[in-house]
Every structure is written in structure tokens, then in C-alpha cells.
Amino acid sequence: MKTTIVKLILSVFLLTIGFLSVKAQDVITKKDKTTINAKILEIGLDEIKYVPADNQTGPVMNIDKTEVFKIKYATGQEWFNAPDQYSASPATEVRDKTKAIKFEFFSPLFGKLTFGYEQMIKVGTNVEFKLGIIGPSLNKEIVANSPSGAFVKLGPKFLLGSEFRTRGTTYAHPLVGKYFKPELIFSSFKQDYTASGTYNYNGTSTPTTTTRYNTTSFAICLNFGKQYILGNAMTLDWYVGLGYGFQDTGKDELVQQSNIYNYETSTDFVENCYSHLYGGPTFPIAFQGGLTLGFLAR
């Protein structure tokens with residue numbers, strides 16, 4: 001009888017010990033709702049080290065910290081893997097908002113309204129398209145020439161690879177960073193040319209004349225710039241570009257007709273093609289620069 005009682009007490013004791021050992025374990029809850037019974041050894045910056053609850057003398061296991069939702073300790077306390085509100089998830093940043101709709105902020109000062117669209121093709125490579133409406137301006141001198149027309153710009157945008165997060169070397173955002181962009185530019189417009197009237201040495205006079213002429217321009221520019229993301233909502237982009245320009249314009253003939261009185265040639269000035277600046281046929285260099293603001297989109 002005593003032996004039976006002793007065995008019963010021993011069995012209850014062993015079951016209690018076993019139950020407590022099962023209860024006295026940490027539980028890792030992953031973001032996919034699965035759980036792992038474990039003994040937590042360390043919570044690091046990027047991973048969590050643990051041993052399985054049923055094999056605590058076995059090898060140490062690691063799990064990526066981003067996969068963990070919470071840890072419930074054997075003591076009943078809970079640790080939640082709350083994201084830092086001041087740092088965005090790299091995965092979210094790369095997959096979300098990979099497009100931008102833009103506007104060149106200072107374009108109304110130079111006789112145009114310029115709109116742009118940028119989209120990621122793959123990580124490190126984007127494509128950008130710009131459309132300009134020639135005519136609207138805050139510059140009275142440009143308005144006096146009554147320009148009208150349009151231009152387009154198109155080119156791939158290659159990130160130079162300097163904008164990375166410190167851990168995991170992932171891109172901070174697919175639209176962020178220094179970049180190199182070869183770009184094709186085409187513009188076509190009309191505007192007025194005014195030849196000033198003068199008195200000739202023989203006493204005759206030439207009246208002031210205003211004639212409208214057409215200009216078609218083409219350029220290949222190599223651009224360098226840098227784009228920033230503001231609050232994961234807006235883009236700020238500055239750039240400068242240099243390349244070759246070509247132009248077909250009716251202004252040359254008008255200038256030649258007025259040379260007798262004005263002593264100027266069409267190569268005396270840098271031509272404003274609205275999409276870029278053109279150095280003229282004797283120095284066919286194209287130059288451009290700008291500052292854009294935009295809004296990110298999915």
C-alpha cells in the first residue's frame with residue numbers, strides 16, 4: 001500500500017515538473033501567425049538567437065528580427081517588435097511609390113511650363129519623360145516675343161549607387177540619390193523677331209518690323225543630378241546637363257536682312273530653345289539645368 005502511494009506521489013511530482021517545464025518556455029510569434037517554443041538567448045539588432053524548447057542543449061538557432069511580431073517570455077512578460085517610427089521599412093520603400101509626377105519649379109520664369117514623369121524600371125534604373133508647353137511665362141521680355149510651341153525630353157536615369165541603408169545594403173528608395181541621365185531633347189516653336197527701325201546715312205529710314213519665324217531644335221545632353229525624397233511623399237531634384245545641339249531656324253534670314261541697320265548676326269547670341277540653351281552653329285553646345293518638385297505615386 002505504501003509503495004503504491006509513493007509511486008503515485010512520485011508520478012504526480014514528475015508530471016508537475018514536466019508541466020512546469022513545458023509552461024516555463026518562451027514563445028516566439030511570427031508575423032505569419034506561426035509560433036516557435038523556445039528559450040530566448042539574445043535579441044540583436046537584426047536577428048534573434050534562441051534554442052528550441054524541446055532541445056535546449058542543441059544548436060543555437062537564428063531568426064530574422066523583421067519576421068517576428070512578438071515574444072512572450074516564460075515569466076509572462078511580452079516583447080513586441082514595434083517598428084521605429086523614424087525609419088521606413090526598406091521592403092516597403094522599394095516596392096511602394098516607384099513613380100513620380102513632377103513640375104519644374106522655375107520653368108514659368110523662362111517662357112514655359114514643364115511637367116515630368118519618372119518610373120522605376122528596375123532597382124538602380126529609372127526612365128524619365130518631360131513635356132514642356134512653350135508660351136506661358138512670368139517674364140515680360142519673353143512674353144513680348146509671343147512664343148508658342150512645345151518640347152519633349154526622354155532618357156534613362158542611372159542611379160550612381162551611393163544611397164544605401166547601413167544594414168543589409170538595401171536601397172533607401174528607388175528614386176533617391178545621385179544619377180547620370182543621357183537625354184534626347186526635341187523642341188519646336190514660333191516666336192516674333194523685331195528688327196529696329198533706323199535712319200540711313202542718305203537720309204532714308206527703315207521702319208521697325210516684327211516678323212514671326214519657326215524654330216526646330218534637337219539636342220543630346222548628358223545630365224548629372226541628385227534627387228531627394230521628402231517625407232516619402234514628394235521629390236526634390238536638381239540637375240545640370242551639357243551636350244550637342246542642332247537647330248533649324250528662320251531667324252537667320254531675318255537677322256541677315258536687318259544686318260545693314262543692326263550690325264548683328266544670328267551667332268551673336270545664345271539661343272533660348274526653351275527646352276535648353278543653344279550656342280549657335282559655330283559653337284553647337286547645348287546646356288540645361290533645373291529644379292523639379294514632384295509627388296510620389298504607386
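The preceding data block contains the structure.
Computed from a predicted structure; not experimentally measured.

Draft legend 1. Focus on the pattern of salt bridges. Enumeration according to the criterion identifies 12 salt bridges in this entry. In this structure, Glu128 and Lys102 form a salt bridge, with 2.8 Å as the shortest nitrogen-oxygen distance. With Glu128 in strand E9 (residues 125–134) and Lys102 in strand E7 (residues 99–104), this residue pair connects regions lying 26 residues apart in the sequence. When its relative accessible area of 3% is taken as the criterion, Lys102 is described as buried. Between Arg212 and Asp192 there is a salt bridge, and its shortest N-O distance comes to 2.8 Å. Of this pair, Arg212 sits in strand E14 (residues 209–230) while Asp192 sits in strand E11 (residues 177–195); the two residues are 20 residues apart in sequence, bridging distant segments of the chain. With a relative accessible area of 39%, Arg212 lands in the partly exposed category. By relative accessible area, which is 17% here, Asp192 ends up buried. Taken together, the salt bridges that share partners define one network made up of Lys102, Glu118, Glu128, Lys157, Lys181, Glu183 and Asp237.

Draft legend 2. Layout of the packing of aromatic side chains. Here the structure, examined in full by the defined rule, presents six aromatic pairs. Centroid distance Phe105 to Phe106: 5.0 Å. Interplanar angle 80°. Geometry classified as edge-to-face. Here Phe105 falls in the partly exposed class, since its relative accessible area comes to 45%. Exposure remark for Phe106: the relative accessible area of 39% places this residue in the partly exposed category. Judged by centre distance (6.4 Å) and plane angle (25°), the rings of Phe218 and Phe246 are stacked. Of this pair, Phe218 sits in strand E14 while Phe246 sits in strand E15 (residues 234–249), and the two are 28 residues apart along the sequence. Judged by relative accessible area, Phe218 falls into the partly exposed class, the value being 34%. Taking NZ or CZ as reference, Lys33 lies 5.6 Å from the ring centre of Phe69, over its face.

Draft legend 3. Molecular detail of the nonpolar core. Judged by nonpolar contacts, Ile28, Ala38, Ile40, Ile48, Tyr50, Ile63, Val68 and Ile71 together constitute the single largest core of eight residues. At the level of elements, strand E2 (35–43), strand E3 (47–52) and strand E5 (68–72) are the ones that each hand at least two residues to this core. Setting aside anything within four residues of it in sequence, one finds Ile71 in contact with Val27, Ile28, Ile40, Ile43, Ile48, Gln77, Glu78 and Trp79. By size, the runner-up hydrophobic cluster in this structure holds seven residues, among which are Ile142, Phe151, Cys273 and Tyr278.

Definitions and cut-offs
- Residues numbered from 1 in each chain as written.
- Predicted model: local features only at pLDDT ≥ 70, side-chain atom pairs only at ≥ 80, totals over all residues.
- Heavy atoms only, no water.
- Salt bridge = Lys/Arg side-chain N within 4 Å of Asp/Glu carboxyl O.
- Helix = DSSP H or I, 4+ residues; strand = E, 2+ residues; numbered from the N terminus.
- Buried < 20%, exposed > 50% of the residue type's maximum accessible area, 1.4 Å probe, protein only.
- Phe/Tyr/Trp six-rings, centres within 6.5 Å; stacked < 30°, edge-to-face > 60°.
- Lys NZ or Arg CZ within 6 Å of the ring centre and 35° of its normal.
- Core = buried A, V, L, I, M, F, W, Y, C linked by side-chain atoms within 4.5 Å.
- Contact = heavy atoms within 4.5 Å.

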